[in-house]
Amino acid sequence: MLATDRCHAWQNQGQALLLALVLSIGAFAGGSLALWGIGGAAVLYALRVGAGRRLPCPPRAILGWGFGFLLLVYAATLLQPLDATRSWPMALRLTSFVLPLMLLFAVPPARPWPFWGARIVPYLFGATLGLILLDILAQGQFLLAHLQGKHGELTYYNRGLSYAAVLIWPLVTLLCARKQHWLAIGLGLFLFLVAWLSASRAAPLALVIGAGFYVGALCWPRLTGLAGWLLLGFVALAVLLVTPWLVGDQAGGLQYLPRSWHHRFEIWDTVLAYYGAQPWSAAGVDATGVLPPLERGYVYARAPAAHPHHRFLQLLYELGRRGWLWGVALVGWGWHKIWQWPPNLARAAAVACWAGLLTLACGAFSLWTDSFWAAGALAWLFCNKAKES
């Protein structure tokens, strides 16, 4: 009994420690979220086994989504991939982090946050943002130069700030539940300032959209629910339909967009053109990284892109129409499940995390980035803990 009680206590403390690591080291080095997500899943699952003296299983729905996705991945990898030397290693890499991340869904967040969680984590997060802000103002000659050897490469902060724009909402809920509203608002504004001054445009956009959905879930839940479905339709379908017209617009509609988004539309147009040549096939995972640029008078897309910066387009080209349907169905299923929660701050946090992740899905990073998958799983864990608390 003593060992079981200790496992329960350590599991609760471990989840709070995981939030502290994600919003401190994870905000500075976004790639470390893969370590916190996968390693945290293994540790928390082991503590769950020690507390229950049995092997808990993730929900059947999670197992279905996870193994269904891996089935699509290996089917596309086996059936004449565009580049097998890229597809097979990526398929094995996907397996290596999708399976352990599913274990997080078997961890029950039944206990409330420990007392130090609301006292230390907000100030630790604020201190991390302060250091990042100083380094941005110093053009990377402060932290990046001494810790990473990356003189002036401020894009290093893009990933961490983008994930922080999603994972801040469980912390905001925790602070609001403790009547620390001004601290929650201050952290949100401080994060927006740092993200706006950084090289990332996806991070402040995800934060603003998440804030809008957070307030909407509290004040206008029905309208917000409809807005979520519209956002999913816009991101997964409308953007892809309008891209060829916008890129081919002789009036130069793209010139009014930031350079990075202009470049993204040209990349999307390239991938759509290759997909249109073989619409019923799947090119295999990580195949978009070897597509040669097209001779269409592009301004920026003159070399192969590492990835298309759009999760649904990447699913469409690399895993085929079944992959695209899987992605849309998974995101829609998650949105439906969130609205089955009780109408409280925890549901608002989950709504904001969902909207922020969906925003990042259409403009930043590759679909096969392990830290992005970890961010999604950790967002579910923290929001679910807020709900149970």
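Remember, predicted model here, so these are calculated numbers, not experimental data. (Residues numbered from 1 in each chain as written. Predicted model: local features only at pLDDT ≥ 70, side-chain atom pairs only at ≥ 80, totals over all residues. Heavy atoms only, no water.)

Participant: I tried to follow the environment of Leu-23 on my own but got confused; where do I start?
Facilitator: With respect to the element layout, Leu-23 can be found in the loop between helix H1 (2–22) and helix H2 (25–28). According to the relative accessible area criterion, Leu-23 is buried, its value standing at 1%. Taking the C-alpha atoms as reference, Leu-23 lies 8.1 Å from Thr-128; in sequence the two are 105 residues apart. Once residues lying within four places of it in the same chain are set aside, the contact partners of Leu-23 are Val-121, Phe-125, Thr-128, Leu-167, Ile-168 and Leu-171. (Helix = DSSP H or I, 4+ residues; strand = E, 2+ residues; numbered from the N terminus. Buried < 20%, exposed > 50% of the residue type's maximum accessible area, 1.4 Å probe, protein only. Contact = heavy atoms within 4.5 Å.)

Participant: What is the right way to look at empty space enclosed by the protein in this model?
Facilitator: If a probe as big as a water molecule is rolled over the atoms, it shows which places are left empty. Tallying each qualifying case throughout the model produces 2 cavities of 30 Å³ or more. Looking at the largest cavity, it is lined by 15 residues, and the ones nearest its centre are Ile-267, Thr-270, Leu-291, Ala-303 and Ala-305. Of the residues in the lining of the largest cavity, the class split is 12 nonpolar, 3 polar and no charged. Lining the second largest cavity are Val-22, Leu-23, Gly-26, Ala-27, Leu-33, Gly-160, Tyr-163, Ala-164 and Leu-167. Elements represented by at least two residues in the lining of the second largest cavity include exactly H2 and helix H8 (158–177). Counting residues per element, the lining of the second largest cavity draws most heavily on H8, at 4 residues. Of the residues assigned to the lining of the second largest cavity, the class counts are 7 nonpolar, 2 polar and no charged. (1 Å grid on protein atoms, 1.4 Å probe; cavity = no way out; pocket = protein on both sides within 12 Å on 5 of 7 lines; lining within 4 Å. Points joined across faces, edges and corners; volume = space filled by probe spheres on them. Nonpolar A, V, L, I, M, F, W, Y, C, P; charged D, E, K, R; others polar.)

Participant: Where do I start with the layout of surface pockets in this structure?
Facilitator: Volume-wise, the largest pocket comes out at about 1100 Å³. Along the wall of the largest pocket there are 38 residues; nearest its centre are Phe-105, Leu-330, Trp-333, Gly-334 and Gly-376. Only helix H4 (60–78), helix H5 (84–102), helix H13 (311–338), helix H14 (345–361) and helix H15 (370–388) provide two or more residues apiece to the lining of the largest pocket. In terms of residue count, the dominant contributor to the lining of the largest pocket is H13 (11 residues). Partitioning the lining of the largest pocket into residue classes produces 29 nonpolar, 6 polar and 3 charged.

Participant: Even after reading the chapter, I still don't get the packing of aromatic side chains, so can you show me in this structure?
Facilitator: For any two aromatic rings, the description comes down to two numbers: the centre-to-centre distance and the angle of the planes. Evaluation of the coordinates by the stated rule reveals 17 aromatic pairs. Relative to Trp-326, the ring of Trp-65 lies with its centre 6.3 Å away and its plane at 70 degrees, an arrangement referred to as edge-to-face. Linking Trp-65 in helix H4 with Trp-326 in helix H13, this pair joins segments that are 261 residues apart in sequence. Ring pairs connect the aromatic residues Trp-65, Phe-69, Phe-97, Trp-326, Trp-333, Trp-368 and Trp-373, which therefore count as one cluster. Stacked on the ring of Trp-196, the Lys or Arg Arg-201 has its end atom at 4.8 Å from the ring centre. (Phe/Tyr/Trp six-rings, centres within 6.5 Å; stacked < 30°, edge-to-face > 60°. Lys NZ or Arg CZ within 6 Å of the ring centre and 35° of its normal.)

Participant: Please explain helix H11 (residues 221–247) as it appears in this structure.
Facilitator: Each α-helix winds once per 3.6 residues, and so residues spaced three or four apart point in a common direction. Over its 27 residues, H11 extends 36 Å from the first C-alpha to the last, a length consistent with the 39 Å expected when each residue adds 1.5 Å. In the structure, H11 departs most strongly from a straight axis at Ala-238, where the bend amounts to approximately 45 degrees. Restricting attention to buried positions, one finds in H11 the residues Thr-224, Gly-225, Gly-228, Leu-231, Leu-232, Val-235, Ala-236, Val-239, Leu-240, Thr-243, Leu-246 and Val-247. Here the buried face of H11 lies against helix H10 (202–219), helix H12 (259–277), H13 and H14. (Expected span 1.5 Å × (residues − 1). Bend = angle between axes of the 7 residues up to and from the residue.)

Participant: Would you mind going over the pattern of salt bridges with me for this structure?
Facilitator: Between side chains of opposite charge, pairing is possible as soon as their charged atoms come close. Within this structure, the stated rule accounts for 2 salt bridges. Arg-86 is the salt-bridge partner of Asp-286, the closest N and O atoms lying 3.1 Å from each other. A residue pair is termed long-range when its members are at least 10 positions apart, and Asp-286 in the loop between H12 and H13 and Arg-86 in helix H5 qualify at 200 residues. For Asp-286, a relative accessible area of 13% gives the class buried. Given a relative accessible area of 26%, Arg-86 falls into the partly exposed group. (Salt bridge = Lys/Arg side-chain N within 4 Å of Asp/Glu carboxyl O.)

Participant: Please clarify how helix H9 (residues 181–197) should be interpreted in this entry.
Facilitator: Its 17 residues give H9 an end-to-end C-alpha distance of 25 Å, which sits within 8% of 24 Å, the value for a rise of 1.5 Å per residue. For H9, every residue scored as buried is listed here: Ala-184, Leu-187, Gly-188, Leu-191, Val-194 and Ala-195. For H9, the angular spread of buried residues about the axis comes to 130 degrees, placing them on one side. Away from the buried face of H9 by more than 90 degrees, exposed residues Trp-182 and Leu-189 are located. As for H9, its buried residues are in contact with helix H6 (115–137), H8 and H10. (Arc of directions from axis to C-beta.)

Participant: Would you explain a nonpolar patch on the surface in this entry?
Facilitator: Together, Leu-137, Phe-192, Leu-193, Trp-196, Leu-197 and Val-208 make up a nonpolar patch on the protein surface, roughly 570 Å² of accessible area in all. Ranked by residue count, the leading element in the nonpolar patch is H9, at 4 residues. Considering the arrangement of structural elements, one finds Leu-197 in helix H9. When its relative accessible area of 39% is taken as the criterion, Leu-197 is described as partly exposed. (Patch = residues over 30% accessible without salt bridge, like charges linked within 9 Å, V, L, I, M, F, W, Y side chains within 5 Å. Areas by Shrake-Rupley, 256 points an atom, 1.4 Å probe, with all protein chains shown as cover.)

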